[in-house]
Amino acid sequence: MSDLKDKQALDRRSVLKGALAGLAALPGLAVVERAAAQAAPVHLDENDAAAKALGYLHDAKKVDAAKNPTYKAGQTCANCLQIQGKNGDAWRGCNLFPNKQVNANGWCRVWVQKPA
Ligand code: SF4
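Residues numbered from 1 in each chain as written. Predicted model: local features only at pLDDT ≥ 70, side-chain atom pairs only at ≥ 80, totals over all residues.

(A) Structural context of the overall build of the protein. Summing up its helical and strand segments, the protein has two helices and three strands in all. Listing every helix and strand of the protein by position from the N terminus yields α-β-α-β-β. Scored against the burial criterion, the 116 residues of the protein give a buried share of 18%. Of all intrachain contacts in the protein linking residues separated by at least 6 positions in sequence, the fraction that spans at least 24 positions is 61%. (Helix = DSSP H or I, 4+ residues; strand = E, 2+ residues; numbered from the N terminus. Buried ≥ 20, exposed ≤ 12 C-beta atoms within 10 Å, placed from the backbone. Contact = placed C-beta atoms within 7 Å.)

Written out as structure tokens, the structure is:
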């Protein structure tokens, strides 16, 4: 009889411990999820003040060469020294725009040839 009571008490303690551990983890999980959401990069808006100042466009083919004499066909964010991330990704980080992603086909006046 005593063994049964001991076993029941142990089971209750185990359930209680598990429940408390689960509750304790929830606020921490919420903080981690919030931090991840805040850190998730967003696509750079062409109308962003810094983007506009540098003449950034999502599509380099739309660059007005008359207003941007340094632009040459074939220059894109994908082959710029400032690009980050993985080759082949459509949207990638750029050293000039922290926590934003630029279009791999984009361009801005800071473009510099990435070494081969
Ligand atoms: S610095 Fe390079 S990668 Fe960044 S937006 Fe300008 S052209 Fe694109």
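So, next bit.
(B) Structural view of the site of the ligand. By nearness alone, 13 residues border the ligand, and C77, C80, Q82, C94 and C108 come closest of all. Of the residues that constitute the shell around the ligand, the class distribution is eleven nonpolar, two polar and no charged. (Near = placed C-beta within 6 Å. Nonpolar A, V, L, I, M, F, W, Y, C, P; charged D, E, K, R; others polar.)

(C) Region of interest: unusual backbone geometry. Its identity is not glycine, yet N99 carries a phi of approximately 60 degrees, on the positive side. Here N99 lies in strand β3 (residues 97–103).

(D) Inspection of the sheet that holds strand β1 (residues 42–43) at higher detail. The strand order across the open sheet formed by three strands is β1-β3-β2, and the pairing between neighbours is mixed. The two strands at the open ends of the sheet, each matched to only one other strand, are β1 and β2 (91–94). In this sheet, β3 lies alongside β2 in antiparallel orientation, the contact comprising four bridges. Residue pairing for β3: G93 is matched across the bridge by Q101. (Pairing = 2+ DSSP bridges.)

(E) Fine view of the environment of G55. Tracing the backbone shows G55 in the loop between α2 (49–53) and β2. Looking at G55, the number of C-beta atoms within 10 Å reads 18, which means it is partly exposed. As for G55 and V110, which are separated by 55 residues in sequence, their C-alpha atoms are 9.0 Å apart. Residue contacts for G55: discarding those within four places in its chain leaves N68, C108 and R109.

(F) Layout of the pairing of β3. Looking at chain direction, β1 and β3 are connected through two bridges and run parallel. If you follow V42 over to β3, its bridge partner there is K100.

(G) Quick look at the nonpolar core. Ranked by internal contacts, the top residues of the largest apolar core, which has 16 residues, are Y56, L57, C77, I83, V102 and W107. Not counting residues within four places of it along the chain, the set of residues in contact with V102 comprises L44, Y56, C77, R92, C94 and F97. (Core = buried A, V, L, I, M, F, W, Y, C linked by C-beta atoms within 7 Å.)

(H) The environment of K100, seen in detail. On the secondary structure map, K100 appears in strand β3. Judged by local crowding, K100 falls into the partly exposed class, with 18 C-beta atoms found within 10 Å. Note: C-alpha distance between K100 and L44 (56 residues apart in sequence) is 5.3 Å. The residues touching K100, leaving out its near neighbours within four places in the chain, are P41, V42 and L44.

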